Amino acid sequence: MNKWFGSAVLTAGMSFLVGCGGGGSDATGTSGSGKQKLVFDAVTRVTGCLNKSKPLAGVQFIAHSADGKAIKTFTTDANGHIEADWPENARHASVIYKNAKGVYTVNSTIEVTTTDFGKNYFGEDSTPGQCSCTTLSIDWSDIKAAMPEYRLSVSGEFQNSLNTTVAVNSYRVCPNQDGQYGKLQAMLIPNNAGQSYAMETEISSLLSNPNVKLAFSQFQNAGRPINVVSNVIKQNVRTFTPSQQGRAYVSYYPYTESTPVRVFERNDVKSTASISSNTSGDGYTNAVTRRVVVEKNANSVQINLPTNHSMVAQSIQTSIINATEAGGINYDFSYMTDYAEASYALTSAKVEIFFSGPMKAQIPTFEWPADLMAAMQSDTADFELEVYFMGYGQNTDLRAFRQRLADKSRNLALEAQDPALLDYRFFSIYFGENKLL
């Protein structure tokens, strides 16, 4: 992307212009003194270990005034934790992490609405020997020979998913933070309107023999075809049902008109289905995901995606072109009434910067540490820009949305268990090199 940031955003002092806006709001939690309480956790992912992380010490947290000035700086302790009184005149916040290669990640929150910031992930810890993973050989060759029209879909509560027509597959299983492996769930899904089948077993029961031979007798009738109605060309559809650990019985594959989507219901709970679409045009790429509840015993579900991509892209261009050193970037996406939060993501070789705020706001000039500003000054790589929006249906209250995200960060099962989190919407606009202006 052209360095339009040179005049409008990366100023002489290298403060980044991005914004206030919205209006003040209350924060959740109080300390013993009756003040609002800042709660923040930083962790780093353990490379190669699925769903495993370690506390991350030394992450900076800055509370900013309305004009972006730094009021107070906190630092995560050995447990990756900060718990302190929230400064009374603070309005925005920035979290700054520098990895071993000297690359900065900056997350700035515009208009802090809840001072519970949840669990935040930064970078990866690649220290050898931290994973206790096992590779299983999943052999369903007998089933495939007898039922060639079927594909096998495998998922685990703490594992990656596998979706295949190959008779023998490698499947890596890793324990979570507490040493638990969870359950392995396998589905047989036909390429037509035939019956679907599912099975479930504890992964710990499979570890004594890495060669797992699946037999059709292990499966039970499960799942039914459902028609997904959408206003766009269907590209990818996934369905799942809730479990205590999060999602379960996930069915995911490229959708075609001849392949009916399956939903899997168990324990008398509703299923959910999501559809994703990716398109390109006019110098940008947009990605859209929508997830909705599938009512029990429903024959179809309607999942419409937004089609105003060009309008949103033009709004982004306007907000950047009109940026000023004195006033920052003003943006207004309030016409997108199904979303709660807008984020500007700016990435280059040395810094990754994320500004998240209300759907209408002004991004102020943030006061950041000198080492970060120096890195931005010396950065010769052009920035790339992506703007994205998230929300849960008509629940567009920003405070409630952020608190739900914080709660979900500490308990992944909430995404499947909380009805307010089931109508999910994600919409992004990405501008490639030399395409914004």
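Our structure's up above, just so we're on the same page.
The present account deals with the structure reproduced in this document. (Residues numbered from 1 in each chain as written. Predicted model: local features only at pLDDT ≥ 70, side-chain atom pairs only at ≥ 80, totals over all residues. Heavy atoms only, no water.)

Under the defined criterion, the tally for this structure stands at two disulfides. Two residues share a disulfide in this structure: Cys-49 and Cys-131, whose sulfurs sit 1.7 Å from each other. Between Cys-49 and Cys-131 the sulfur-sulfur dihedral comes to about -110 degrees; the bridge is accordingly left-handed. Within this pair, whereas Cys-49 is found in the loop between β2 (37-46) and β3 (53-55), its partner Cys-131 is found in the loop between β9 (116-125) and β10 (134-139), the two being separated by 82 residues in sequence. Exposure remark for Cys-49: the relative accessible area of 8% places this residue in the buried category. (Disulfide = S-S within 2.5 Å. Helix = DSSP H or I, 4+ residues; strand = E, 2+ residues; numbered from the N terminus. Buried < 20%, exposed > 50% of the residue type's maximum accessible area, 1.4 Å probe, protein only.)

Looking now at the packing of aromatic side chains. A full pass over the atoms with the stated rule returns 21 aromatic pairs. Aromatic side chains Phe-61 and Phe-74 sit 6.3 Å apart centroid to centroid with 65 degrees between the ring planes, which places their arrangement in the edge-to-face category. Of this pair, Phe-61 sits in strand β4 (residues 60-64) while Phe-74 sits in strand β5 (residues 70-75), placing them 13 residues apart in sequence. Of the residues examined, Phe-61 reaches a relative accessible area of 0% and is grouped as buried. Its relative accessible area of 8% is what places Phe-74 among the buried residues. An angle of 15 degrees between the planes, with centres 6.1 Å apart, marks the rings of Phe-355 and Trp-368 as stacked. Pair noted here: Phe-355 is in strand β27 (residues 351-357) and Trp-368 is in the loop between β28 (360-366) and α4 (370-378), with a separation of 13 residues, a long-range link. Across this residue pair, the class does not change: Phe-355 and Trp-368 are buried. Against the face of Tyr-121 rests Arg-45, its NZ or CZ located 3.9 Å from the ring centre. (Phe/Tyr/Trp six-rings, centres within 6.5 Å; stacked < 30°, edge-to-face > 60°. Lys NZ or Arg CZ within 6 Å of the ring centre and 35° of its normal.)

Another aspect to go through is the environment of Lys-69. By secondary structure assignment, the location of Lys-69 is in the loop between β4 and β5. Apart from the residues lying within four places of it in its own chain, the contact partners of Lys-69 are Ala-63, His-64 and Glu-367. (Contact = heavy atoms within 4.5 Å.)

Turning our attention to the sheet that holds β10. The sheet built from three strands is open, its strands ordered β13-β10-β16 with mixed pairing. Each edge of the open sheet carries a strand with a single partner, namely β13 (168-173) and β16 (211-213). Direction aside, the axes of adjacent strands within the sheet are offset by 30 degrees on average. By the bridge criterion, six bridges tie β10 to β13 in an arrangement that is antiparallel. Paired with Thr-134 across the two strands is Val-173, which belongs to β13. (Pairing = 2+ DSSP bridges. Axes fitted to C-alpha atoms, helices over the stretch in contact; angles between N-to-C directions.)

Okay, the pairing of strand β11 (residues 150-156) next. Along any regular strand, the residues point their side chains to alternate faces of the sheet. The buried fraction of β11 amounts to six of the seven residues, a majority that puts the element mostly inside the structure. Where β11 meets strand β14 (residues 183-190), seven bridges bridge the pair, whose relative direction is antiparallel. If you follow Leu-152 over to β14, its bridge partner there is Leu-188. For β11 and strand β12 (residues 162-164), the ladder comprises three bridges, and the chain directions are antiparallel. Residue pairing across strands places Val-154 opposite Leu-162, the latter belonging to β12.

Let us now look at the sheet that holds strand β18 (residues 224-229). The sheet built from three strands is open, its strands ordered β21-β18-β24 with mixed pairing. The open sheet terminates on both sides in strands that have one partner only, identified here as β21 (261-263) and β24 (300-302). Here the strands of the sheet are splayed against their neighbours by 45 degrees on average, with no regard to which way each runs.

What follows deals with the pattern of salt bridges. Scanning the entire structure with this criterion turns up twelve salt bridges. Glu-111 serves as the salt-bridge partner of Arg-91, at 2.7 Å between the closest nitrogen and oxygen. Of this pair, Arg-91 sits in the loop between β6 (81-85) and β7 (92-98) while Glu-111 sits in the loop between β8 (104-109) and β9, and the two are 20 residues apart along the sequence. Relative accessible area serves as the criterion here: at 27%, Arg-91 is assigned to the partly exposed category. Look at Glu-111 and you get buried, because its relative accessible area is 2%. A salt bridge links Asp-142 to Lys-213, with the nearest nitrogen and oxygen atoms 3.5 Å apart. (Salt bridge = Lys/Arg side-chain N within 4 Å of Asp/Glu carboxyl O.)

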